[in-house]
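Remarks on the overall topology
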Amino acid sequence: MQKNDIFTKPLWVLFLLLVGLCTSCDEQDGKPVEIPLIDFTTTLDSLSTQRVEAQDLQRIKKQYGRFFDIWFSEIMDYSKFRGYPDSIIAQRFSYWVQTNKQVFLWMKKHYEKNTSWRTDLNTMWGKLSYRLPKTPKPTLVSYFSQFSNFNTFVDSSKSQGLILGFSKEMFMNDTFPLYAMLDVPGFYSRYNNTEQIPTMLIWNYLKSQYESKHNPKNMLEQAVFEGKIWALILDMQDGNDGFVNLGYSEEEWAMMERDQGQMWKLFLEQKALYSNDFNVYRRYFVYGDKTFGPGIPPECPPMIGSFVGTKIVQRYLQEVDVTWEELFDEHDANKILRLSGYNPVK
């Protein structure tokens, strides 16, 4: 009688089985996507050693194309100098890059030591492409925004395809001394860890890609839309504490898990859940350090509307057999809530 005993088989057979299993696991969750990185801060750093002339700006504009136009005009707001002579604009720009020379050096040293985020981004983008097959391969551009609120941006065009951008100085971890010296808003510390770059980029990409299609008109629609994004991000975290990359501590996430019923009851009592007045429910979705308002405890974390939306979507995915692509194509928030059976008020 032939025994089905793996230990009696040749070692090469065992090796092939193991390789096959590992390959199968990878394919089941998408292969990493090698995303090319263009570091615009190195160009800025090189300009800080010289006097910038008008022709230098023209050369950079030609080199970086649409990205430079967005960065220069919108992020750095040089559009306010429209009409000024090119020589004057170049003079102001030259002073600016020279003033920030030390920051360029700090960024260079920081990102030479902190590199794992790139592997994480490639891995997460592969998982995203597996779940949403129409997701294009992007080009990643790192830039400097002088500690503005433009920590990431997304742009898509026929000429340059999908561009993901992130401001390097905004992800230097909360021990970076300039944050305190420049009086950067305290809630930025929720989103300034280098390891959060992949999550922040994907979060921004999904909002830019799907928000106009969902066009939320009331609180429930806003919550479900935001919940789809968070649920997808959490699903790609391999069981790790994905909420940390969304900007929450373990204690805060546990608090929201525990107090879902109170949140839901608050939304209903304030008649906010189906309100189409954004000012009524805005507080439940804005970035910040806390959620403020009548009936809300002072220690309440921010964006509880997005959290509740996430729980609705996660419950819907448990109850209904749909793909992620089908989920994002479903724009009926009432239907998702009804079929989810979500009701945390017991």
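First, a word on scope: everything that follows refers to the structure included in this document. In this text the structure is predicted, and so the values were computed from the model without any measurement.

Here we take up the overall build of the chain. Each helix and strand counted, the chain has 17 helices and 4 strands in total. Counting only C-alpha atoms and orienting by the principal axes, one finds that the chain spans roughly 80 × 65 × 40 Å. Counting every position in the chain, which comprises 346 residues, the buried fraction comes to 48%. Accessible surface, the chain: about 18400 Å² in total, of which carbon and sulfur atoms supply 52%. Here the chain holds 38 positive side-chain charges and 42 negative ones, and the gap between their average locations is 3 Å.

Turning our eyes to something else, we now look at the sheet that holds strand β2 (residues 139-143). In spatial order, the strands read β1-β2-β4-β3; together these 4 strands make up an open sheet with mixed pairing. Both edges of this open sheet fall to β1 (37-39) and β3 (152-157), since each of them pairs with a single strand only. Between one strand and the next, the sheet's axes are offset by a mean angle of 20°, whatever the strand orientation. Here helix α4 (residues 66-75) sits on the sheet and contacts β2, β3 and β4 (161-167); the angle it forms with β3, its principal contact strand, is near 135°. Taken strand by strand, helix α9 (residues 197-214) contacts β2, β3 and β4, and its axis lies near 45° from that of β3.

Below, the discussion takes up the packing of aromatic side chains. As enumerated under the stated definition, the model contains 45 aromatic pairs in all. Directly above the ring of phenylalanine 328 sits lysine 228, whose terminal nitrogen or CZ lies 6.0 Å from the centroid. Note that arginine 283 overlies the ring of tyrosine 284, its terminal NZ or CZ placed 6.0 Å from the centroid.

Inspection of the secondary structure puts lysine 61 in helix α3 (residues 54-64). For the pair lysine 61 and asparagine 192, spaced 131 residues apart in sequence, the C-alpha to C-alpha distance is 29 Å.

Attention shifts here to the pairing of β3. Relative to β4, β3 is paired through 6 bridges, and the arrangement is antiparallel. Within β4, the residue paired with serine 156 across the bridge is leucine 162. The hairpin turn running from β3 into β4, its antiparallel successor, is 3 residues long.

Note on placement: glutamine 314 falls in helix α15 (residues 304-319). Distance in space between the C-alpha atoms of glutamine 314 and tryptophan 203 is 17 Å, their sequence separation being 111 residues. With near-sequence residues (within four places) excluded, glutamine 314 lies in contact with Ala231 and Leu234. At 3.3 Å, the side chain of glutamine 314 and the side chain of lysine 311 are in polar contact.

Further remarks concern the nonpolar core. The biggest cluster of nonpolar side chains holds 102 residues, and the ones touching the most others in it are Phe40, Trp71, Phe93 and Tyr284. A total of 11 residues in this core trace back to one element, the largest contributor, which is helix α10 (residues 219-235).

Parameters at a glance
- Residues numbered from 1 in each chain as written.
- Predicted model: local features only at pLDDT ≥ 70, side-chain atom pairs only at ≥ 80, totals over all residues.
- Heavy atoms only, no water.
- Helix = DSSP H or I, 4+ residues; strand = E, 2+ residues; numbered from the N terminus.
- Buried < 20%, exposed > 50% of the residue type's maximum accessible area, 1.4 Å probe, protein only.
- Areas by Shrake-Rupley, 256 points an atom, 1.4 Å probe, with all protein chains shown as cover.
- Lys, Arg positive; Asp, Glu negative; His and termini not counted.
- Charge placed at Lys NZ, Arg CZ, Asp CG, Glu CD.
- Pairing = 2+ DSSP bridges.
- Axes fitted to C-alpha atoms, helices over the stretch in contact; angles between N-to-C directions.
- Contact = heavy atoms within 4.5 Å.
- Phe/Tyr/Trp six-rings, centres within 6.5 Å; stacked < 30°, edge-to-face > 60°.
- Lys NZ or Arg CZ within 6 Å of the ring centre and 35° of its normal.
- Polar contact = N/O pair within 3.5 Å; in protein donor to acceptor, adjacent residues only side chain to side chain.
- Core = buried A, V, L, I, M, F, W, Y, C linked by side-chain atoms within 4.5 Å.

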